[in-house]
Amino acid sequence: MAQRLEALAPLLAEGGRGIGGLKRLTGGASLETWAFDVESPDGLRALILRRRGDGEEAEVFETSLPLPIEARVLAAAQAAGAPVAELVRDCGPGDGLGEAYIVTRVAGETLGRRIAAGTAFAPAREVLGRQCGETLARIHAVSVEAMPDLEVQNAQDVIDRYADIYRKSSGPRPVMEAALKWMQANLPEAVTPRLVHGDFRNGNLMVEADTGLTAVLDWELAHLGDPAEDFGWLCVNSWRFGVTDKRVGGFADLADLLAGYKAVGGEAVSVERVRFWEVVGTFKWAVITMMMYQTFATGASASVERAVIGRRLSECEVDLLALMEGAN
Amino acid sequence: MRGPTKEELVRAVSGWLAGEPTPADGFHRKVAANAMGIIERELTLWPASEAAAIARMSAILGETGDYDTLNDALAEAIRNGGIDANDPKVFAHLKQTALDMLAVDQPRYRHALNGADQ
């Protein structure tokens, strides 16, 4: 891998003559993330390689986009003015890296707990809600026609998909059944599908302590759908890291988010619509915890973490009931 | 799935203890301690919570049985529309049970149910 990147160095930075500091960062079993630097006359250029690994797909909880499509979505979001890690190279077969792309390495913090509660991040929290609103408005304004064959997932599709997984991976649960009834009864009117990030939450946002949002990461779940889906997912209580009274990611109020959205021309989104998608998001996270526990239950993983995560279902059920109660 | 059961948690932790050391053991130790805490709270708190839930579900369903039987029946009744989860008595049961489970699984989790935090 180092050799392949070495060969690409001249294409990755003006006068690039070699690479260094290659290091595997966290990443799933199938999707690898690597940090490295290109040496050039101007100094080091910090980059990130995202690459589909050679290993088998150990676990795919969601349908992730093929990386070349993800790269094009990223480029479109960048062109629309959303803060993202800039696309440096959409790797072709000749690069020898398999399915991969290379972006700039953006400085900042992604740890949700620090962003929501860290003292150093107080200045960022002042502006982050509004910045997220502005950014979502830019993402949702990307021309859908220019998007390469992204799947349309409307509310009913999302509910059906996760309901199906729940029924296959769990025994009957009264709260999950009640949530399904609630979602069906509160299904919002259909909207014209827009580009939706799909995983826009505290944890996938690169944040600088003093200036706030520097990049939106992890575009692999991008699709076409209801823009309010991104709002709801960002509000799911599990991503508030204990700062429950700050509905938006534990760092801002919903009003800040909606104000930023409106300021950049985003169409008005009702509080009810956000709540609907927050219920969907909470249900979805509940199902994902079940699926992660399943890897322990079936013997695919012996990790204590995978066993214990099944107990996070309790938090989702409490959150679902709080949302349903608040809506009545 | 009715899990992870406390037996599964014990199995996971003892499996880790018996395994070879790894560079990630600092993290795994915390996860294992968390698992042991869940087991302890399940042993001490859950029996009373479970008995109360059984009594509530018996009243709602007009049936008798153990927790799993009644819980399955309640879930099925909500699913097929025989019971409305918005019925105050049913909703109160769902809330109480969810809070009792959370007290076992994640007592420090902050949430808005019952106006606890908001």
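Just so you know, these numbers come straight off a predicted model, no measurement behind them.

Rules and cut-offs
- Residues numbered from 1 in each chain as written.
- Chains lettered and ligands numbered in written order.
- Predicted model: local features only at pLDDT ≥ 70, side-chain atom pairs only at ≥ 80, totals over all residues.
- Heavy atoms only, no water.
- pLDDT = per-residue confidence, 0-100.
- Helix = DSSP H or I, 4+ residues; strand = E, 2+ residues; numbered from the N terminus.
- Contact = heavy atoms within 4.5 Å.
- Buried area = accessible area lost by both parts, 1.4 Å probe.
- Salt bridge = Lys/Arg side-chain N within 4 Å of Asp/Glu carboxyl O.
- Nonpolar A, V, L, I, M, F, W, Y, C, P; charged D, E, K, R; others polar.
- Domains from an automatic or database assignment.
- Pairing = 2+ DSSP bridges.
- UniProt positions renumbered as here; feature names shortened; annotations may be inferred.
- Polar contact = N/O pair within 3.5 Å; in protein donor to acceptor, adjacent residues only side chain to side chain.
- Buried < 20%, exposed > 50% of the residue type's maximum accessible area, 1.4 Å probe, protein only.

How would you explain the confidence of the model for chain B if you had to name every residue and give the values?
Looking at chain B, the pLDDT average stands at 92 and 96% of residues meet or exceed 70. Considering each helix and strand of chain B separately, the mean pLDDT is smallest for helix H1 (residues 6-18) of chain B, with a value of 94, and largest for helix H3 (residues 67-80) of chain B, with 97.

Describe the interface of chain A and chain B, and please don't skip the residues or the numbers.
Of the residues lining the interface, 40 residues belong to chain A; the matching set on chain B comes to 45 residues. Taken together, both faces of the contact between chain A and chain B bury some 3,500 Å²; the carbon and sulfur share is 64%. Remark: the boundary between chain A and chain B carries 3 salt bridges. Between B:Glu42 and A:Arg311 there is a salt bridge, with the nearest N and O atoms lying 2.7 Å from each other. No other element matches helix H11 (residues 313-327) of chain A, which puts 10 residues into the side of chain A that touches chain B. Partitioned by chemical class, the residues of the side of chain A that touches chain B number 16 nonpolar, 11 polar and 13 charged.

Tell me what's going on with the domain arrangement of chain A, and back it up with residues and numbers.
Residue and element names in this part refer to chain A. Domain annotation of chain A identifies domain 1 (2-104) and domain 2 (112-327). Taking only C-alpha atoms, the centre of domain 1 and the centre of domain 2 are 26 Å apart. Contact with domain 1, which involves 21 residues of that partner, is made by 25 residues of domain 2. A buried area of about 2,000 Å², summed over both sides, lies between domain 1 and domain 2, and 65% of it is on carbon and sulfur atoms. The salt bridge involving Glu220 is made with Arg50; its shortest N-O contact spans 3.1 Å.

Would you mind going over the sheet that holds strand S6 (residues 152-153) of chain A in detail, with residue names and values included?
Residues and elements named next belong to chain A. Ordered in space as S6-S10-S7, the 3 strands form an open sheet in which the pairing is mixed. Every other strand in the sheet has two partners, leaving S6 and strand S7 (194-196) as the edge strands with one partner each. Where S7 and strand S10 (residues 223-225) come together, 3 bridges link them in antiparallel fashion. Bridge pairing links Val196 to His223 in S10.

Please provide a residue-by-residue account of the UniProt feature "domain: DUF6285" (unreviewed entry) in chain B, values included.
In the UniProt entry, the feature "domain: DUF6285" (unreviewed entry) is given for residues 23-109 of chain B. Between the end C-alpha atoms of residues 23-109 of chain B the distance is 28 Å, and the span holds 79% helix and 0% strand.

Give a detailed account of the side chain of A:Thr244, specifying residues and quantitative values.
Looking at the secondary structure, you find A:Thr244 in the loop between helix H7 (228-235) and helix H8 (254-263). Of note is the side chain of A:Thr244, whose polar atom sits 3.4 Å from the side chain of A:Asn237.

Give me the lowdown on unusual backbone geometry, citing residues and values where you can.
All names here are of chain A. Even without a glycine there, the phi angle at Asp218 is positive, about 55°. In this fold, Asp218 is placed in the loop between strand S9 (212-216) and S10. For Asp218, a relative accessible area of 27% gives the class partly exposed. Unlike most non-glycine residues, Phe241 shows phi in positive territory, near 50°. The topology assignment puts Phe241 in the loop between H7 and H8. Overall, Phe241 belongs to the partly exposed group, its relative accessible area being 23%.

Report on the side chain of A:Asp95, specifying residues and quantitative values.
Residue and element names in this part refer to chain A. Here Asp95 lies in the loop between strand S4 (87-90) and strand S5 (100-104). What makes Asp95 buried here is its relative accessible area of 8%. With near-sequence residues (within four places) excluded, Asp95 lies in contact with Arg4, Leu8 and Arg89.

I'd love a proper account of the pattern of salt bridges, names of residues and values included.
With the rule as written, the count across this model stands at 23 salt bridges over all chains. Note that A:Arg89 is salt-bridged to A:Asp95, the shortest N-O span being 2.7 Å. Its salt-bridge partner being A:Glu278, residue A:Arg240 comes within 2.9 Å of it at the nearest N-O pair. One end of the pair, A:Arg240, is in the loop between H7 and H8; the other, A:Glu278, is in helix H9 (residues 271-297), and 38 residues separate them in sequence. We classify A:Arg240 as buried; its relative accessible area is 5%. The class of A:Glu278 is buried, set by a relative accessible area of 3%. Sharing partners across several salt bridges, the network here consists of A:Arg311, B:Lys6, B:Glu7, B:Glu42 and B:Asp105.

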